[in-house]
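# Descriptive structure summary
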Amino acid sequence: MAFKGAIVVDTEKCKGCGVCVANCPTQTIALAKKVNSKGYPYCYMEFPDKCTGCSNCAVVCPDSVITVYRVKI
Amino acid sequence: MDVKDIINPENFVYGKSKVLTDTVMHYCPGCSHGVVHKLLAEVIEEMDIQDKTIGVSPVGCAVFAYKYIDIDWQQAAHGRAPALATATKRLYPDKYVVAYQGDGDLASIGTAEIIHACNRGENIVVIFINNAIYGMTGGQMAPTTLIDMKTATTPYGRSVELNGHPLKITELIAQLEGTCFVTRQAVHTPAGARRTKRAIRKAFENSAQKKGTSLIEVVSTCNSNWKMSPVQANEWMVENMFPFYPLGDLKDR
Ligand SMILES: Cc1ncc(C[n+]2csc(CCOP(=O)(O)OP(=O)(O)O)c2C)c(N)n1
Ligand code: SF4
Ligand code: SF4
Ligand code: SF4
Ligand SMILES: [Mg+2]
């Protein structure tokens, strides 16, 4: 069974730590070139097509700012 | 399928626990404390014990844990969380009581309290964040600091001659008759975080079954005081902390 996923990042609360990026098995996410109002580069889906909705990024996020959605395809 | 069609409540699989408040945590980016707070909140949510759980926050970076996890809290003097947790549990035997402590708090100033609470076998849960440093006060050496590790008070690295040996307090605690479950975990990967969550859940179940004290050490990072990026700090922890503080259960009965 294959899955396709997508994440939503609360960019204002993201601290740009990069722990999610290091733990994404599909290299979907990256830290943005832009920063939020606190000056942190926030996490975003650089390659949304690659996301499988595995939740790994969200599980390791210290600030719980990632929400994960997943569909069967 | 388009991202817009996937992001839909019926496809939701994982998000922030309802037991976490909306307050932004004061922790540095990438700090292990945040991950452990989230796992603790998830266990409380899944066991449906939000109004039956009392936390005891430490002195250390986690002092404000009460602002982030929406349960009842006490805030203990430095190192005294196990003593306050003992009193709280004895006064409210039907509640779940969890003491949350750092390594300076638990393994230095609070050594007596943790050893005796564990030896008495108080039916409490202890979460022990070992980042091998005094995080809150600016990165001084802790009892758990590794040999050769540079800190504000060991600028040339910790030496046995001058500073003694790093203290494996979790191994000591596992020897005590009062403990039923003593484990060492880490939260730098999704698998590690999930294992830590299972350990926290088991600890809460043990306290409901009056089996004694359960202690979960989480080998952690303090990237700010280690002077590394969060990702580098996780890698440094794997390379340097895990050989001395190996992960796994020390006791489970
Ligand atoms: C009685 C007392 N002594 C010393 C201090 C100063 N102090 C505050 S936090 C801390 C150490 C905290 O280190 P740790 O328990 O490892 O927590 P971390 O910040 O690393 O999570 C110390 C010594 C204090 N607040 N009270
Ligand atoms: S782990 Fe969380 S806080 Fe850190 S960069 Fe990713 S989304 Fe932002
Ligand atoms: S859900 Fe999985 S695949 Fe998607 S961004 Fe997060 S870690 Fe990567
Ligand atoms: S000082 Fe260290 S322990 Fe404290 S919040 Fe920052 S990274 Fe975490
Ligand atoms: Mg510490």
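Structure: see above.
Parameters and conventions
- Residues numbered from 1 in each chain as written.
- Chains lettered and ligands numbered in written order.
- Predicted model: local features only at pLDDT ≥ 70, side-chain atom pairs only at ≥ 80, totals over all residues.
- Heavy atoms only, no water.
- Near = heavy atom within 4 Å.
- Helix = DSSP H or I, 4+ residues; strand = E, 2+ residues; numbered from the N terminus.
- Nonpolar A, V, L, I, M, F, W, Y, C, P; charged D, E, K, R; others polar.
- Donors = N, O, S within 2.8 Å, 3.2 Å for Na, K, Ca; no water.
- Buried < 20%, exposed > 50% of the residue type's maximum accessible area, 1.4 Å probe, protein only.
- Pairing = 2+ DSSP bridges.
- Contact = heavy atoms within 4.5 Å.
- Arc of directions from axis to C-beta.
- Buried area = accessible area lost by both parts, 1.4 Å probe.
- Salt bridge = Lys/Arg side-chain N within 4 Å of Asp/Glu carboxyl O.
- Polar contact = N/O pair within 3.5 Å; in protein donor to acceptor, adjacent residues only side chain to side chain.
- Areas by Shrake-Rupley, 256 points an atom, 1.4 Å probe, with all protein chains shown as cover.
- Core = buried A, V, L, I, M, F, W, Y, C linked by side-chain atoms within 4.5 Å.
- Axes fitted to C-alpha atoms, helices over the stretch in contact; angles between N-to-C directions.

So, on to the site of ligand 4. Residue and element names in this part refer to chain B. In the region of ligand 4, the neighbouring residues are Tyr27, Cys28, Cys31, His33, Cys61, Asn131, Gly135, Cys222, Asn223, Ser224 and Asn225. The greatest single-element share of the shell around ligand 4, amounting to three residues, is contributed by helix α10 (residues 223-226). A class-by-class count of the residues in the shell around ligand 4 yields five nonpolar, six polar and no charged.

On to the coordination of the magnesium ion (ligand 5). Donor atoms from the polypeptide that coordinate the magnesium ion (ligand 5) comprise Asp103(B) (OD), Asn131(B) (OD1) and Ile133(B) (O), at 2.0 to 2.2 Å from the metal. For the magnesium ion (ligand 5), the donor residues sit on a single chain with the sequence spacing D-x27-N-x1-I.

This part takes up the pairing of strand β2 (residues 53-57) of chain B. Residue and element names in this part refer to chain B. Among the five residues that make up β2, five are buried, leaving the element largely enclosed by the rest of the structure. With four bridges joining them, β2 and strand β4 (residues 96-102) adopt parallel strand pairing. Residue pairing across strands places Thr53 opposite Tyr96, the latter belonging to β4. With four bridges connecting them, β2 and strand β3 (residues 72-75) associate as parallel partners. Paired with Gly55 across the strands is Trp73, a residue of β3.

Okay, helix α4 (residues 81-91) of chain B next. Turning to α4(B), its buried residues are Ala81(B), Pro82(B), Ala85(B), Thr86(B), Thr88(B) and Lys89(B). Turning to α4(B), the residues buried within the fold contact β2, β3, β4, α6 (111-120) and α9 (190-208) of chain B.

Residues and elements named next belong to chain B. For α6, every residue scored as buried is listed here: Glu113, Ile114, Ala117 and Cys118. Projected onto a plane normal to the axis of α6, the buried residues spread over an arc of 115° and lie on a single side. Gly121 lies just past α6 and shows a positive phi near 70°.

What follows deals with the interface of chain A and chain B. Residue-level contacts link 33 residues of chain A with 33 residues of chain B. The contact between chain A and chain B buries some 2600 Å² in all, and 66% of this surface belongs to carbon and sulfur atoms. The interface formed by chain A and chain B contains zero salt bridges. Linking chain A to chain B there are ten residue pairs in polar contact (both at pLDDT 80 or more). Put simply, the parts of the chain that give the side of chain A that touches chain B at least two residues each are β1 (3-9), α1 (19-23), α2 (56-60) and β4 (66-72) of chain A. Sort the elements by how many residues they give to the side of chain A that touches chain B and β4(A) lands first, with six residues. Residues belonging to the side of chain A that touches chain B are distributed by class as follows: 19 nonpolar, eight polar and six charged.

On to the site of ligand 1, then. Residues and elements named next belong to chain B. The environment of ligand 1 is formed by 16 residues, the closest being His33, Asp103, Gly104, Asp105 and Gly135. In the model, an oxygen atom of ligand 1 is placed 2.5 Å from a nitrogen or oxygen of the Asp103 side chain. The separation between an oxygen atom of ligand 1 and a polar main-chain atom of Gly135 is 2.8 Å. The fraction of the free accessible surface of ligand 1 (590 Å²) that becomes covered by protein chains is 72%.

A few words now on unusual backbone geometry. The phi dihedral of Gln27(A) is positive, around 50°, even though this residue is not glycine. With respect to the secondary-structure elements, Gln27(A) resides in the loop between α1 and β2 (29-35). With relative accessibility at 52%, the residue Gln27(A) sits in the exposed group. Even without being a glycine, Asp148(B) presents a positive backbone phi close to 75°. Within the secondary structure, Asp148(B) sits in the loop between β5 (125-130) and α7 (160-163).

Next up on the list: the nonpolar core. Ranked by size, the top nonpolar core spans 59 residues in total, and within it Ile7(A), Ile66(A), Leu40(B), Ile127(B) and Phe204(B) carry the most contacts. Residue contributions to this core peak at eight residues, all from helix α2 (residues 32-47) of chain B. Excluding residues within four positions of it along the chain, Ile7(A) makes contact with Ile29(A), Cys43(A), Met45(A), Cys51(A), Cys57(A), Ile66(A), Thr67(A), Val68(A) and Ile7(B).

On to the sheet that holds β4(B), then. Residue and element names in this part refer to chain B. Strand order in the open sheet formed by seven strands is β3-β2-β4-β5-β7-β6-β8, and the pairing between neighbours is mixed. Both edges of this open sheet fall to β3 and β8 (248-252), since each of them pairs with a single strand only. For this sheet, the mean angle separating the axes of adjacent strands, direction not counted, is 15°. The strands that α4 touches are β2, β3 and β4; relative to β4, the one it contacts most, it runs at about 175°. Docked against the sheet, α6 engages β4, β5, β6 (179-186) and β7 (213-219), running at close to 135° with respect to β7.

A few words on the pattern of salt bridges. Residues and elements named next belong to chain B. In this structure the tally under the stated criterion is 14 salt bridges over all chains. Of the charged contacts in the structure, one is a salt bridge between Lys197 and Glu42, with a shortest N-O distance of 3.0 Å. Of the two residues, Lys197 sits in helix α9 while Glu42 sits in helix α2, which places them 155 residues apart along the sequence. By relative accessible area, Glu42 is classed as buried at 6%. Here Arg120 and Glu122 are joined by a salt bridge, their closest N and O atoms 2.6 Å apart. Using a relative accessible area of 6% as the deciding quantity, one classes Glu122 as buried.

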